[in-house]
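Chain residues, written in single-letter form:
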Amino acid sequence: QVQLVESGGGLVQAGGSLRLSCAASGRTFSSYAMGWFRQAPGKEREFVAAISSGGANTDYVDSVKGRFTISRDNAKNTLYLQMNSLKPEDTAVYYCAAKRLYRSGDYVPGLYDYWGQGTQVTVSS
């Protein structure tokens, strides 16, 4: 089992940057594939990015490609999401999530086993 805690959200102007972090408890973080999701008010939770357990493979939703970068530091049990060139439509609560097996195209939230509590990102125009 793994527990996840996100941080790094906040208010930023359009065009700005933020880096989200997700701290994981337990000694098995390096065995989990990790993902970032987001949920805007009145909308369903949507996939943003994912990374394999060792970090070699990544996947992104088209709307963030070239702007967001997912990474992880297994020695620190931490997942990151670097967000650049932020847009008002990126405003949402951002969640990190974990699952055992990485597979490209696994965009469904129900495929992930563990979730953090979320961190708010607000991008003003």
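Everything quoted here is computed from the prediction, not taken from an experiment.

### Structural notes on the overall build of the chain
In terms of helices and strands, the chain carries zero helices and 11 strands. Along its sequence from the N terminus, the chain presents helices and strands in the succession β-β-β-β-β-β-β-β-β-β-β. Its C-alpha atoms give the chain a radius of gyration of 13 Å, near enough to 14 Å, the size a compact globule of 125 residues would have. Principal-axis analysis of the C-alpha atoms gives the chain an extent of 40 × 25 × 25 Å. For the chain, the proportion of its 125 residues judged to be buried stands at 44%. In the chain, the share of contacts with a sequence separation of at least 24, taken over all contacts with a separation of at least 6, comes to 59%. With 13 positive and 10 negative side-chain charges, the chain shows a spacing of 5 Å between the two charge centroids.

### Describing the sheet that holds strand 3 (residues 18–24)
In spatial order, the strands read 1-3-8-7; together these four strands make up an open sheet with antiparallel pairing. The open sheet has two edge strands, strand 1 (4–7) and strand 7 (68–73), and neither has a second partner. Strand-to-strand twist in this sheet, taken as the mean axis angle between neighbours without regard to direction, amounts to 15 degrees.

### Some words on unusual backbone geometry
For Asn 77, which is not glycine, the phi dihedral falls at a positive 55 degrees. With respect to the helices, strands and loops of the structure, Asn 77 is situated in the loop between strand 7 and strand 8 (78–83).

### Regarding the state of the cysteines
If you walk through the whole model with that rule in mind, you get one disulfide. Put simply, Cys 22 and Cys 96 are joined by a disulfide, and their sulfur atoms are 2.1 Å apart. Here the disulfide of Cys 22 and Cys 96 is right-handed, its torsion about the S-S bond being about 55 degrees. Remark: Cys 96 occurs in strand 9 (residues 92–99) and Cys 22 occurs in strand 3; sequence separation between them is 74 residues. Looking at Cys 22, the relative accessible area reads 0%, which means it is buried. A residue is classified by how much of its surface remains accessible, and Cys 96, at 0% relative accessible area, is buried.

### Regarding the packing of aromatic side chains
Considering all chains together, one arrives at seven aromatic pairs under this definition. Judged by centre distance (5.9 Å) and plane angle (80 degrees), the rings of Tyr 32 and Tyr 114 are edge-to-face. In this pair, Tyr 32 is assigned in the loop between strand 3 and strand 4 (33–39) and Tyr 114 in strand 10 (residues 114–115), connecting sequence segments 82 residues apart. An aromatic cluster of at least three residues, connected via ring pairs, comprises Phe 37, Phe 47, Tyr 95, Tyr 107, Tyr 112 and Trp 115. Over the ring of Trp 115 we find Arg 45, and its NZ or CZ is 4.8 Å from the ring centre. The lysine or arginine in question, Arg 72, covers the ring of Phe 29, its NZ or CZ lying 4.4 Å from the ring centre.

Cut-offs used in this document
Residues numbered from 1 in each chain as written. Predicted model: local features only at pLDDT ≥ 70, side-chain atom pairs only at ≥ 80, totals over all residues. Heavy atoms only, no water. Helix = DSSP H or I, 4+ residues; strand = E, 2+ residues; numbered from the N terminus. Rg over C-alpha atoms; globule rule 2.2 N^0.38 Å. Buried < 20%, exposed > 50% of the residue type's maximum accessible area, 1.4 Å probe, protein only. Contact = heavy atoms within 4.5 Å. Lys, Arg positive; Asp, Glu negative; His and termini not counted. Charge placed at Lys NZ, Arg CZ, Asp CG, Glu CD. Pairing = 2+ DSSP bridges. Axes fitted to C-alpha atoms, helices over the stretch in contact; angles between N-to-C directions. Disulfide = S-S within 2.5 Å. Phe/Tyr/Trp six-rings, centres within 6.5 Å; stacked < 30°, edge-to-face > 60°. Lys NZ or Arg CZ within 6 Å of the ring centre and 35° of its normal.

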